[in-house]
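Fold and geometry: a report
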Amino acid sequence: DVGLAGELGQATGVGGGLVARDDRGVALQPQPQGGLADVVSSLPKDWEKDDHKTIIILPKYRDIDTSKFNIIPTDIIISVPISTWREYARLWIGTLPNSTVPVYFLESRDYFDRKGIYGNPEGFADNDRRFVFLSRAVFEVCKALNFRPDIIHSHDYHTGFAMAFLKTHYRYDPLFARCAGVYTIHNMAYQGQSDPRRVMEYAGFGTQNFRGSWFEHDSVVNMMKTALMFSDKITTVSPTYAYEIRWTNNGEGMQDYLNSRGGDVIGILNGIDETEWNPEIDTHLIKQYSPEMLEEKAENKLKLLREAIPTYDLKNDLPVIGMVSRLTDQKGIALLEKSMEQLLTSGRVRFLILGSGEKRYEDFFRYMGKKYPTRALVMTGYNNALSHQVIAASDYLIVPSLFEPCGLTQMYALKYGTIPIVRATGGLADTVQEYDPQQGTGTGFTFTQYSSKSLVNAVSRAVYYYKAQPHWDTLRVNAMAQQNESKRSADMYINVFRWALEKRGISIPT
């Protein structure tokens, strides 16, 4: 153990949570599903391997299956200051799967005992109050557990106020006197704009000094700006996205604040949990396989297609383009909406789609599935086992994002020898390199212009090499050789924690 400690805030794509670490551990809040959940559940496992003990703090949302995960109530009641009064939450405890990491759940009937997590697509009207409560409750959990953190690590806007609380209300609390704050941006598009008359009151700051403060942007409270200004270090989830949010419109109006903190902004590429995502040990697959046994990959494709198309015959084999995604504008679904039928009528490809999201996109894919029942195989909803099977069964994975802070599905695809076709933005640009047939280098196919024509051209280049040797095996072996494991990310976070502490003049052992 390097003697680091912390309270790490983990807000999820559009949600939130917190993490703490010290010589007894790290507390972390994973997202219920999605890429951020994968990342923040893998980080404490990697830290645990290096003898950093970890605790996780998570709201006890109604949809959590407490019996399945053996989550039980404790006798600990947390008293949380809100405005001039106090509110209360009971702690429950479980264990992070495949680890010994304890997970604490905040039970609050008012804030978390409701259907859904964030109230998508518009969000619950009281999300500002819910996440101010969460951000402050984590400090009170640490006090109840006598957990002395060195790092408060807050992710996305939902726990952004933890950065402000650390430097104000808890500044002189002995338990947090040696804390530094690290803020991680997973998606600049969600910033937590709120009415200052509500949020400043709930957070215990009052509105008298709001104008021109670190809380204010465009006359409202901006929780993301608050975190950017109060934190000691700022990270985001890929090097390219770190550049884009400072120098392009992907900064979503936060560019000036980020550039004022330029030396403290660091891009750390997310990694994947290879105990969960590895075709050699994946129990969700019909046939496990490795780079030396690529012929076994075809068995996964055959089974999934025969379940969807009982008359499927390998003699009519076509390359399968898979997609596992949220169906939102950010993910570039509009490009597929414009180009999918053109690709299907070419007779050169099949699509295998698993996703959920905006109704218009779900309806579009269902329509495609009915119109082309043997070439557009569409499943809506979230299914973890099926997501593994779709990625393993597909020949290509398409990720045409409008913007992509990091993305994990393309990393899963690489690990599974499924060739990515991506728009070169954010983490997609950092993880997928265009195939060069002359040199035999590269791992996939990319396009830069956000247009259906560019997408179709990239797909055409990709399928040209389908089963064309030696290119096809070279591509797949190159892809599977990529090193995107989460341990690399976990080690880089440890370095950032050290730098944050050093900035505060706190020395730590190496």
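Residues numbered from 1 in each chain as written. Predicted model: local features only at pLDDT ≥ 70, side-chain atom pairs only at ≥ 80, totals over all residues. Heavy atoms only, no water.

Excluding glycine, residues mostly carry a negative phi; peptide bonds, for their part, are mostly trans. The omega angle of the peptide bond from glutamine 469 to proline 470 is 5 degrees, so this bond is cis rather than trans. Inspection of the secondary structure puts proline 470 in the loop between α14 (452-464) and α15 (471-480). (Helix = DSSP H or I, 4+ residues; strand = E, 2+ residues; numbered from the N terminus.)

Where helix α9 (residues 333-345) contacts α14, the axes come no closer than 9 Å and their chain directions differ by 45 degrees. Put simply, α9 runs oblique to α14. Crossing of α9 over α14 shows right-handed handedness. Of the residues in α14, those touching α9 at Leu335, Leu336, Lys338, Ser339, Gln342 and Leu343 are Ser452, Leu455, Val456 and Val459. A per-class count over the contact of α9 with α14 returns 6 nonpolar, 3 polar and 1 charged. (Axes fitted to C-alpha atoms, helices over the stretch in contact; angles between N-to-C directions. Parallel < 35°, antiparallel > 145°, perpendicular 65-115°, else oblique. Left-handed = near helix turned anticlockwise from the far one by under 90°. Contact = heavy atoms within 4.5 Å. Nonpolar A, V, L, I, M, F, W, Y, C, P; charged D, E, K, R; others polar.)

On to the layout of surface pockets, then. When its volume is computed, the second largest pocket comes out at roughly 250 Å³. A per-element tally of the lining of the second largest pocket places helix α8 (residues 297-308) first, with 5 residues. Classifying every residue of the lining of the second largest pocket gives 9 nonpolar, no polar and 8 charged. (1 Å grid on protein atoms, 1.4 Å probe; cavity = no way out; pocket = protein on both sides within 12 Å on 5 of 7 lines; lining within 4 Å. Points joined across faces, edges and corners; volume = space filled by probe spheres on them.)

The next thing to look at is the sheet that holds strand β7 (residues 102-107). A sheet is described by the order of its strands in space; here 4 strands give the open sequence β4-β7-β6-β5, paired in mixed fashion. The open sheet has two edge strands with one neighbour each: β4 (55-59) and β5 (72-82). Taken pair by pair, the neighbouring strands of this sheet meet at an average axis angle of 30 degrees, ignoring direction. Strand contacts of helix α2 (residues 127-145): β4, β5, β6 (85-95) and β7, with the helix running at about 115 degrees to β5, the strand carrying the most contacts. (Pairing = 2+ DSSP bridges.)

Let's shift gears to the packing of α9 against helix α10 (residues 359-371). Put simply, α9 and α10 touch, their axes get as near as 11 Å, and they point 5 degrees apart. Comparing their axes, α10 and α9 come out roughly parallel. On α10, the residues touching Ile333, Ala334, Leu336, Glu337, Met340, Glu341 and Leu344 of α9 are Arg360, Tyr361, Phe364, Phe365, Met368 and Lys371. Class assignment of the residues belonging to the contact of α9 with α10 gives a composition of 9 nonpolar, no polar and 4 charged.

With that out of the way, let us pick up the nonpolar core. If you look at the biggest cluster of nonpolar residues, it comprises 69 residues, and the most contacted ones within it are Leu106, Phe161, Ile185, Leu228 and Leu258. With 9 residues, α2 is the largest single contributor of residues to this core. Discounting chain neighbours no more than four positions away, the residues touching leucine 228 are Tyr183, Ile185, Ile234, Met254, Tyr257, Leu258 and Arg261. Counting residues in each nonpolar core, the second largest holds 51 residues, with Ile272, Ala393, Ala413 and Ala500 among its members. (Core = buried A, V, L, I, M, F, W, Y, C linked by side-chain atoms within 4.5 Å. Buried < 20%, exposed > 50% of the residue type's maximum accessible area, 1.4 Å probe, protein only.)

The strand order β17-β16-β15-β18-β19-β20 describes an open sheet built from 6 strands, whose pairing is parallel. Looking along the sheet, the strands with just one partner apiece sit at the ends: β17 (376-380) and β20 (445-447). Averaged over all pairs of adjacent strands, the angle between their axes in this sheet comes to 15 degrees, without regard to strand direction. Looking at chain direction, strand β15 (residues 320-327) and strand β18 (residues 396-399) are connected through 2 bridges and run parallel.

With 5 of 5 residues buried, strand β8 (residues 151-155) is to be regarded as a mostly interior element. Alternating positions in β8 separate into two faces, Ile151, His153 and His155 on one and Ile152 and Ser154 on the other, with burial throughout. Traced from β8 through helix α3 (residues 161-167) to strand β9 (residues 180-185), the parallel crossover comes out right-handed. (Right-handed = clockwise from strand over helix to strand, strands pointing away.)

Turning our eyes to something else, we now look at the confidence of the model for the protein. Of all residues in the protein, 92% attain a pLDDT of 70 or more, and the chain-wide mean is 90. Ignoring residues within four places in sequence, the model shows residues 1-33, a span with pLDDT below 50, making 198 contacts including any to other chains. (pLDDT = per-residue confidence, 0-100.)

Take the side chain of lysine 60 next. In this fold, lysine 60 is placed in the loop between β4 and β5. Within the buried core, lysine 60 has no salt-bridge partner, and the shortest N-O distance to an opposite charge, that of glutamate 107, equals 4.7 Å. When neighbours within four sequence positions are excluded, lysine 60 is seen to be in contact with Thr66, Trp92, Phe105, Leu106, Glu107 and Phe112. (Lys, Arg positive; Asp, Glu negative; His and termini not counted. Salt bridge = Lys/Arg side-chain N within 4 Å of Asp/Glu carboxyl O.)

What follows deals with α8. Relative to the 16 Å expected for 12 residues at 1.5 Å per residue, α8 spans 18 Å between its end C-alpha atoms, a close match to the ideal helical length. Looking only at α8, the buried set comprises Lys297, Asn300, Lys301, Leu302, Leu304 and Leu305. Looking at the packing, one finds that the buried side of α8 touches β15, β16 (350-357), β17, α11 (384-393) and α15. (Expected span 1.5 Å × (residues − 1).)

This brings us to the packing of aromatic side chains. The final tally for this structure, using the stated rule, is 27 aromatic pairs. Aromatic side chains tyrosine 111 and phenylalanine 112 sit 6.2 Å apart centroid to centroid with 55 degrees between the ring planes, which places their arrangement in the tilted category. Comparing tyrosine 111 with phenylalanine 112 shows no difference in burial state: the two are buried. Ring centres 5.9 Å apart and planes at 70 degrees place the aromatic pair tryptophan 277 and tyrosine 416 in the edge-to-face group. Remark: tyrosine 416 occurs in the loop between α12 (409-415) and β19 (419-423) and tryptophan 277 occurs in the loop between β14 (265-267) and α8; sequence separation between them is 139 residues. Of the two residues, tryptophan 277 and tyrosine 416, both sit in the buried class. Taken together, Phe161, Phe165, Phe205, Trp214, Phe215 and Phe230 form an aromatic cluster joined through their ring pairs. In this structure, arginine 114 packs its charged tip against the face of phenylalanine 124, placed 4.7 Å from the ring centre. (Phe/Tyr/Trp six-rings, centres within 6.5 Å; stacked < 30°, edge-to-face > 60°. Lys NZ or Arg CZ within 6 Å of the ring centre and 35° of its normal.)

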